[in-house]
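Remarks on the overall topology
Now for the letters of each chain:
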Amino acid sequence: MKFGGTSVGSAERIAQAAQLAADTAARGHQVVVVTSAMSKVTDALIAAARGATGGQWDSRLRQELFDKHTAVAEALIGDPVRRDAVIESLRQRLDRFEKLCFGLSMVHELTPRLLDAISGTGEMLAAPLLAAAIAARGRPSDAVDATEIVVTTDQFGGAEPLIEETRMKAAARLRPAIARGEIPVVTGFIGATSDGVMTTLGRGGSDYSASIIGAALEADEVWIWTDVDGVMTANPSEVPEARTLSEISYSEASELAYYGAKVLHYKTILPAFRQRIPVRILNSFNPTHPGTRVTVEGDPAARGVKAVTSIRGVIMVAISGTGMQGIPGIVAKTFDVVAAQQANVLMISQASSENNICFVLSAAEAPRVVAALRTGLEFELMRGHIEEISAEQQVAIVAAIGDRMRGTPGIAATVFGALGKAGINVIAISQGSSERNISLVVTEQEAAAAVRAIHRAFQLEKSM
Ligand code: ADP
Ligand code: ASP
Ligand code: MG
């Protein structure tokens, strides 16, 4: 069971999360909990690290975080010995945080490695609170740092798990506790290299932690407790009439997450899929709602397009020039450069006239990649094979997703008809050959309207 930031966002929410874990254990299940930081804490930690790097270290945040977490400890932990121990562990973790920030304010350089050491602090503060709240409900429970369990590569800021090592550590560290009837509470989001250096799995990565640990323990199911009734036909804060999808396939869940459904971190599905572990997405604010089940088949009766998603804050890079026609290798060279920058390409589209390739990157990665392309393709630019490498203003990707889009004619016509009727200009288009999604680029300002128009055109608000 993984609890997200809002699901552990206050003393009441932590009490509710603890109750859900304890109730599930009382029904005879063995439960391992993975927790996020309390909501907004990770953002604050990252802002503090950046501030300290610029020479502005302000120890007020340390005090604020201490007060916020101590108040929860006081509200939820009746046993004074345990309460003092938890408060002491909060103090130690915040001491470490403060020392790291103080160091940063001296050296003025924030490396990805240091940022991970700092940004993972929130989960380390939340886990002892949730464990104590579970223990207060009569189930023995202790916090476990994922640095002792999830072994990762050293790609700081987006580390990948090393499956075998993680499996061994998870078994050694968690199985004996589970066998004793305990509910371990593991920190989400973080891991450590085999040398023990702390890493993070990327923003929103606690979902991924849950599936990694679930897979390592060969769990029967992975449950993601969040603040909405499961995976919906669109982001409910953007499309109020969005509806819960009761069952989706692993591939649909991956596409949805990849194309911006923040409810699942985009890498969450893979570890579960490899072992065919069912995943559920549930609402900790509405726990009797059945939520969404992710399974092999999904819902065979479902229609073509199941959901519409969007990704904001992306940049479209275009490489163009009439001289590109018939010159082999430009595409390969372009994506070699992109890969060397370890940038994640969200969408690619090439005009059939061959004189334009465009692809979409996150706004954070784009400047670095464009600079590298200008160097890496210098020869082609000089020769005139390429005339221009351009990065447009911030845009959005909108995607229509569903397994059964494949072989259903007329879907593209409906998508573009809806956008045309809404007066929305489509900047680029791409359809994966899997035919599980059609994605298109629109301006950021028009993204919400585009999502709503497509949602309406397929009548996704109506259940079948
Ligand atoms: P948590 O803190 O539990 O990890 P997140 O904020 O990361 O929660 O993800 C849940 C949020 O994802 C929802 O509140 C909702 O605004 C957003 N969201 C975006 N797309 C979807 C979708 N298709 N279905 C459900 N929620 C979505
Ligand atoms: N706390 C981390 C974040 O805000 C991880 C997560 O919540 O999933 O990115
Ligand atoms: Mg999340």
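Model, not experiment: these values are computed from the prediction.

Conventions adopted
Residues numbered from 1 in each chain as written. Chains lettered and ligands numbered in written order. Predicted model: local features only at pLDDT ≥ 70, side-chain atom pairs only at ≥ 80, totals over all residues. Heavy atoms only, no water. Helix = DSSP H or I, 4+ residues; strand = E, 2+ residues; numbered from the N terminus. Rg over C-alpha atoms; globule rule 2.2 N^0.38 Å. Buried < 20%, exposed > 50% of the residue type's maximum accessible area, 1.4 Å probe, protein only. Contact = heavy atoms within 4.5 Å. Areas by Shrake-Rupley, 256 points an atom, 1.4 Å probe, with all protein chains shown as cover. Lys, Arg positive; Asp, Glu negative; His and termini not counted. Charge placed at Lys NZ, Arg CZ, Asp CG, Glu CD. Axes fitted to C-alpha atoms, helices over the stretch in contact; angles between N-to-C directions. Parallel < 35°, antiparallel > 145°, perpendicular 65-115°, else oblique. Left-handed = near helix turned anticlockwise from the far one by under 90°. Nonpolar A, V, L, I, M, F, W, Y, C, P; charged D, E, K, R; others polar. Pairing = 2+ DSSP bridges. Near = heavy atom within 4 Å. Polar contact = N/O pair within 3.5 Å; in protein donor to acceptor, adjacent residues only side chain to side chain.

Quick notes on the overall build of the protein
Along the protein, the regular secondary structure elements total 15 helices and 16 strands. By the compact-globule yardstick of 23 Å for 464 residues, the protein fits well, its C-alpha radius of gyration being 24 Å. Dimensions of the protein, computed from the C-alpha atoms along their principal axes, are close to 75 × 60 × 40 Å. Across the 464 residues of the protein, 53% fall into the buried class. In the protein, of all internal contacts separated by at least 6 residues, the share reaching a separation of at least 24 is 76%. For the protein, the exposed surface amounts to about 19700 Å²; the carbon and sulfur share of it is 51%. Here the protein holds 44 positive side-chain charges and 50 negative ones, and the gap between their average locations is 3 Å.

A closer look at the packing of helix α4 (residues 80-107) against helix α5 (residues 112-119)
The N-to-C vectors of α4 and α5 enclose an angle of 150°; their axes lie 9 Å apart at closest approach. By the criterion of interaxial angle, the relationship of α4 to α5 is roughly antiparallel. Crossing hand, α4 versus α5: left-handed. Of α5, the residues touching α4 (which contributes R96, F97, L100, C101 and L104) are L114, A117 and I118. In terms of residue class, the contact of α4 with α5 is made up of seven nonpolar, no polar and one charged.

Notes on the packing of helix α2 (residues 41-53) against α5
Put simply, α2 and α5 touch, their axes get as near as 9 Å, and they point 140° apart. Put simply, α2 runs oblique to α5. The interaxial crossing formed by α2 with α5 has right-handed handedness. Taking contact as the criterion, the partners of T42, L45, I46, A49 and R50 in α2 are, on α5, L115, I118 and S119. For the contact of α2 with α5, the per-class residue count stands at five nonpolar, two polar and one charged.

Section: the sheet that holds strand β16 (residues 437-443)
In spatial order, the strands read β12-β13-β11-β14-β16-β15; together these six strands make up an open sheet with antiparallel pairing. Each edge of the sheet is formed by a strand with only one pairing partner; in this case those strands are β12 (347-350) and β15 (428-431). The mean inter-strand angle of the sheet, taken between neighbouring strand axes irrespective of direction, is 30°. Set on the sheet, helix α15 (residues 447-457) makes contact with β11 (307-320), β14 (388-401) and β16; between it and β11 the angle comes to about 125°.

Observations regarding the site of ligand 1
Residues in contact with ligand 1 amount to 17 residues; listed here are only the nearest, K2, T226, D227, M232 and K262. Contact with the protein chains covers 86% of the free accessible surface of ligand 1, which is 570 Å². When its residues are assigned to classes, the shell around ligand 1 shows seven nonpolar, seven polar and three charged.

Thoughts on unusual backbone geometry
One non-glycine residue with positive phi stands out, namely F189, at about 75°. Within the fold, F189 resides in the loop between β4 (185-187) and β5 (190-192). Look at F189 and you get buried, because its relative accessible area is 3%. Even without glycine at this site, E218 takes up a positive phi of about 50°. Position of E218 relative to the elements: it lies in the loop between α8 (206-216) and β7 (222-226). Looking at E218, the relative accessible area reads 53%, which means it is exposed.

Focus on the site of ligand 2
Residues in close proximity to ligand 2 include S36, T42, E123, F189, R203, G204, G205 and S206, which together make up its full environment. Here a nitrogen atom of ligand 2 sits 2.8 Å away from a polar atom, N or O, in the side chain of T42. The contact in question runs from an oxygen atom of ligand 2 to an N or O atom on the backbone of G205, over 3.4 Å. Grouping the constituent residues of the shell around ligand 2 by class yields one nonpolar, five polar and two charged.

Details of α15
Among the residues of α15, those classed as buried are A447, A448, A450, V451, A453, I454 and H455. Two residues or fewer after α15 comes Q459, characterised by a positive phi angle close to 50°.

Examining the environment of S310
Looking at where S310 falls in the secondary structure, it is placed in strand β11. Sequence separation between S310 and S320 is 10 residues; the distance between their C-alpha atoms is 26 Å. The residues contacting S310, other than those within four sequence positions of it, are E238, Y259, G260, I397, V398 and V451.

Some thoughts on the pairing of β7
Where burial is concerned, most of β7 is hidden: five out of the five residues are buried. Across the two faces of β7 the burial is the same, with V222, I224 and T226 and W223 and W225 all buried. In terms of strand pairing, strand β1 (residues 2-3) meets β7 through two bridges, oriented parallel. Residue pairing across strands places F3 opposite W225, the latter belonging to β7. Of the strand pairs in this sheet, β7 and strand β9 (residues 279-283) are connected by five bridges, and their pairing is parallel. Opposite T226, over in β9, you have N283 as the bridge partner.

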